Amino acid sequence: MAVPKRKTSRSRTRHRRARWKGVEPALVPVVVDGESVQVPPRLARAVREGRIDPR
């Protein structure tokens, strides 16, 4: 595991963290019982197969 040689300053750390932005997942339309539902792509297959209730 990498170990830093020097302490990172508080200003540098906070500046880096302040730039981070969370991104909401892209949604894809899935038709369930004739009704279109928006779900994340990784859950689309499970919703189509009926393993997950989209509501």
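Residues numbered from 1 in each chain as written. Predicted model: local features only at pLDDT ≥ 70, side-chain atom pairs only at ≥ 80, totals over all residues. Heavy atoms only, no water.

**Student:** Can you lay out the overall build of the protein for me, pointing to particular residues and giving the numbers?
**Tutor:** Helix and strand counts for the protein come out as two helices and two strands. When its helices and strands are written in sequence order, the protein yields α-β-β-α. Expected size for 55 residues packed as a compact globule is a radius of gyration near 10 Å; at 21 Å, the protein overshoots this value by more than 25%. The principal-axis extent of the C-alpha atoms belonging to the protein is close to 60 × 25 × 15 Å. Across the 55 residues of the protein, 16% fall into the buried class. Across the protein, the fraction of contacts at a sequence separation of at least 24, relative to all contacts at a separation of at least 6, is 0%. (Helix = DSSP H or I, 4+ residues; strand = E, 2+ residues; numbered from the N terminus. Rg over C-alpha atoms; globule rule 2.2 N^0.38 Å. Buried < 20%, exposed > 50% of the residue type's maximum accessible area, 1.4 Å probe, protein only. Contact = heavy atoms within 4.5 Å.)

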